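# Per-entry structural report
Each chain, written out:
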Amino acid sequence: MDVRQAIVRYLIDHVDNPSVSIVEVTIAVRKMFPLCELTDWQIGDLIARSAIDAGFAIDFDAAPG
């Protein structure tokens, strides 16, 4: 499974939520792929694109920390 597939799977698992938090999904992706070389910005971009395509509203929240 790659990062894009993991994001889509996360969205499917949380389809009951009307919006998606970029930070929450980024944290989930980092847990699944601790050695991922993408930056948080790049992961966030993938999340936003996938979420928009799936019809989610997006919370462009700040990074943890």
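Coordinates for the structure precede this section.
Below or above, wherever it landed, is the structure these notes cover.

Calculation rules
- Residues numbered from 1 in each chain as written.
- Predicted model: local features only at pLDDT ≥ 70, side-chain atom pairs only at ≥ 80, totals over all residues.
- Heavy atoms only, no water.
- Helix = DSSP H or I, 4+ residues; strand = E, 2+ residues; numbered from the N terminus.
- Buried < 20%, exposed > 50% of the residue type's maximum accessible area, 1.4 Å probe, protein only.
- Contact = heavy atoms within 4.5 Å.
- Areas by Shrake-Rupley, 256 points an atom, 1.4 Å probe, with all protein chains shown as cover.
- Lys, Arg positive; Asp, Glu negative; His and termini not counted.
- Charge placed at Lys NZ, Arg CZ, Asp CG, Glu CD.
- Salt bridge = Lys/Arg side-chain N within 4 Å of Asp/Glu carboxyl O.
- Expected span 1.5 Å × (residues − 1).

## Focus on the overall build of the chain
The secondary structure content of the chain amounts to three helices and two strands. Helices and strands appear in the chain in the N-to-C order α-β-α-α-β. When its C-alpha atoms are laid out on the principal axes, the chain stretches across 30 × 25 × 15 Å. Of all 65 residues assigned to the chain, the portion counted as buried reaches 35%. By sequence separation, contacts in the chain at least 24 residues apart represent 64% of the contacts at least 6 residues apart. Working note: accessible area of the chain is about 4500 Å², and carbon and sulfur atoms make up 56% of it. Computing the positive centroid from 5 side-chain charges and the negative centroid from 10, the chain places the two 6 Å apart.

## With respect to the pattern of salt bridges
Applying the stated criterion across every chain yields a total of two salt bridges. Put simply, Arg30 and Asp40 hold a salt bridge, and the shortest N to O gap is 2.8 Å. Taken together, the positions of Arg30 in helix α2 (residues 22-32) and Asp40 in helix α3 (residues 40-53) put the pair ten residues apart, joining distant regions of the chain. Relative accessible area serves as the criterion here: at 25%, Arg30 is assigned to the partly exposed category. Take Asp40: its relative accessible area is 41%, and that puts it in the partly exposed class. We note a salt bridge from Asp45 to Arg49, for which the minimum N-O separation is 2.8 Å. Pair noted here: Asp45 and Arg49 are both in helix α3, with a separation of four residues, about one helical turn.

## Side note on α3
Compared with an ideal rise of 1.5 Å per residue, which puts 14 residues at 20 Å, α3 spans 20 Å between its outermost C-alpha atoms and is within 8% of the ideal. Inspection of α3 places Ile43, Gly44, Leu46, Ile47, Ala48, Ser50 and Ala51 among the buried residues, and these make up the whole buried set. On its buried face, α3 is in contact with α1 (3-13), β1 (19-21), α2 and β2 (57-59). Looking one or two residues past α3, Gly55 carries a phi angle of roughly 90 degrees, positive in sign.

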